[in-house]
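Examining the three-dimensional arrangement
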Amino acid sequence: MTAIAPTDWDPRADAVQRDQIAAYDRLREQHGVAYSDMLQWSVFGHAELRRILLDPQRFSSAVSAHVAVPNGMDPPEHTAWRRLIEPYFAAQRVDALRPACERVAAQLLQGLQGCATLELAQRFALPFAVRIQCAFLGWPETLEGELSGWIAQHHRAVLAQDRAALAALGAQFEALVARLLAERRAHGAAPPQDDVMASLMQARVDGQPVSEQAIASIVRNWTVGEIGTIAAAVGILAEWLARHPGWQARLRAEPALQAEAIEEILRLHGPLVANRRVATCPVHLGGREVPAGGRITLHWTSALRDPRVFEEAGTFRLGRDPQDNLLYGAGIHVCPGAPLARMELHVALHAMLAAWADMALVAGDAPVPAHYPAMGFARLPLQVRWA
Ligand code: HEM
């Protein structure tokens, strides 16, 4: 690929991987919009990001030749598919899943019972996200290992920009979905109302049945959307609480503050690093000239900490305007899974605060940050006192 502008930074550099939050903060202040060979135009500022989100005509989501339902689509195609998926995240469905989430959290904590120090990222956050995704999709928990392994390989392939590996992983996921659909077909009789996969098999978009490939894409989108972000978010919440013992006590005593506290902690340390767009025409963006066809990366974690929008942006503060928090995006691609994510994170936070009278970082065993395209922590040792 020929570079279309001089390179401002290297997204794979050690200094970036060591502390992505600090690196993206620096890039936002130095450049606003920065060019790299790997990501082309990276957008770090809140105003520029919001402008892109609200203008799908100039900033298209069709960034890949592969079908990605609905995140890789533009209107009017996007509108029809979005209408299909939104009901799966309706309040009633999310509420119905809460007891299963609580059970998953309780089982995982029971497995850790009695440990005074534990590793939270792999022993609680990741299996919590994977098992709940299985519960949501009606998949057996025996898929936990396969799904965790698939996500880890997917992250490695994205970092390495390994197209062959990404294609192979796509095929592997399609084969998994085909297997699960065949199982449902073999049952013959009308599937239970709440079986997401079976219900997608019967759905129609623009009067046409949904193909197996489209179902695989929808479910893959949900799986990548859920597992990576929820696992990262649970780790981020735990690490923040471990560093703020006063807030552990306050949130335990005032559970009504928990929902807002979660959004503010995740504003400070976003669990989702980036999404992509492509410019459909030449655009002036953050002082740069992006040509038609220019690839754009939206850096959520940086926009969420932009001091032009958030006073004392690096400080935890309740009472901020929720409209400014782009944690779940904005515009037509705003996260449809947000109600599910909020419920899951609330369950996880509540379970940790109830199980442990206090939690702290372990002296001499610091958290290990996750590498792009993951956020949060690859390893999070915690010292806990059981309640
Ligand atoms: C803390 C957890 C989560 C965060 C921070 C998050 C964040 C986001 C953001 C910022 C977007 C907008 C992307 C863009 O504009 O390109 C998005 C889109 C999306 N998210 Fe989430 N998400 C989370 C959890 C989930 C969950 C649990 C699901 C489903 C199970 C999900 C499914 C999706 C889908 C399907 C889209 C694409 C929507 C479209 O293109 O219309 N997300 N998410």
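Above this text is the structure in question.
Residues numbered from 1 in each chain as written. Predicted model: local features only at pLDDT ≥ 70, side-chain atom pairs only at ≥ 80, totals over all residues. Heavy atoms only, no water.

**A short note on the side chain of Thr 229**
Within the secondary structure layout, Thr 229 lies in helix 10 (residues 212–243). In this structure Thr 229 comes out as buried when scored by relative accessible area, which is 19%. Separated by 2.3 Å, the side chain of Thr 229 and the backbone oxygen of Gly 225 make a polar contact. From its side chain, Thr 229 meets the backbone oxygen of Glu 226 in a polar contact 3.3 Å long. For Thr 229, the contacting residues outside a window of four places in its chain are Val 224, Pro 271 and Leu 272. (Helix = DSSP H or I, 4+ residues; strand = E, 2+ residues; numbered from the N terminus. Buried < 20%, exposed > 50% of the residue type's maximum accessible area, 1.4 Å probe, protein only. Polar contact = N/O pair within 3.5 Å; in protein donor to acceptor, adjacent residues only side chain to side chain. Contact = heavy atoms within 4.5 Å.)

**As for the site of the ligand**
As a structural note, the neighbourhood of the ligand is formed by 28 residues, with His 78, Arg 82, Arg 277, His 333 and Cys 335 the closest of them. Within the contact set of the ligand, an oxygen atom lies 2.8 Å away from a side-chain nitrogen or oxygen of Arg 82. With respect to the ligand, the side chain of His 333 contributes an N or O atom lying 2.6 Å from an oxygen atom. Looking at the shell around the ligand, the elements with two or more residues in it are helix 4 (77–85), helix 10, strand 7 (274–279) and helix 14 (338–355). Residue contributions to the shell around the ligand peak at 6 residues, all from helix 10. (Near = heavy atom within 4 Å.)

**Observations regarding the pattern of salt bridges**
Inspection of the entire model under this criterion finds 21 salt bridges. Asp 55 is the salt-bridge partner of Arg 58, the closest N and O atoms lying 2.8 Å from each other. Looking at Asp 55, the relative accessible area reads 15%, which means it is buried. Where Glu 311 meets Arg 317, a salt bridge forms, and the shortest distance between an N and an O atom there is 3.7 Å. According to the relative accessible area criterion, Glu 311 is exposed, its value standing at 56%. (Salt bridge = Lys/Arg side-chain N within 4 Å of Asp/Glu carboxyl O.)

**Overview of the sheet that holds strand 2 (residues 40–43)**
Judged by pairing direction, the sheet is mixed, and its 5 strands sit side by side in the order 1-2-10-7-3 without closing on themselves. Looking along the sheet, the strands with just one partner apiece sit at the ends: strand 1 (33–36) and strand 3 (59–60). Against the sheet, helix 3 (residues 46–53) contacts strand 2, strand 3, strand 7 and strand 10 (295–299), and its axis sits at roughly 120° relative to strand 10. (Pairing = 2+ DSSP bridges. Axes fitted to C-alpha atoms, helices over the stretch in contact; angles between N-to-C directions.)

**Observations regarding the sheet that holds strand 14 (residues 381–386)**
If you walk across this open sheet you meet the 3 strands as 4-14-11, and the pairing is antiparallel. Pairing within the sheet leaves two strands with one partner each, and these edge strands are strand 4 (117–119) and strand 11 (356–361). Sheet twist, expressed as the mean angle between neighbouring strand axes with direction ignored, is 35°. Note that strand 4 and strand 14 share 3 bridges and pair antiparallel. Considered in strand 14, the bridge of Glu 119 is made with Pro 381. Across the sheet, helix 14 touches strand 11 and strand 14, and the angle it forms with strand 11 is around 100°.

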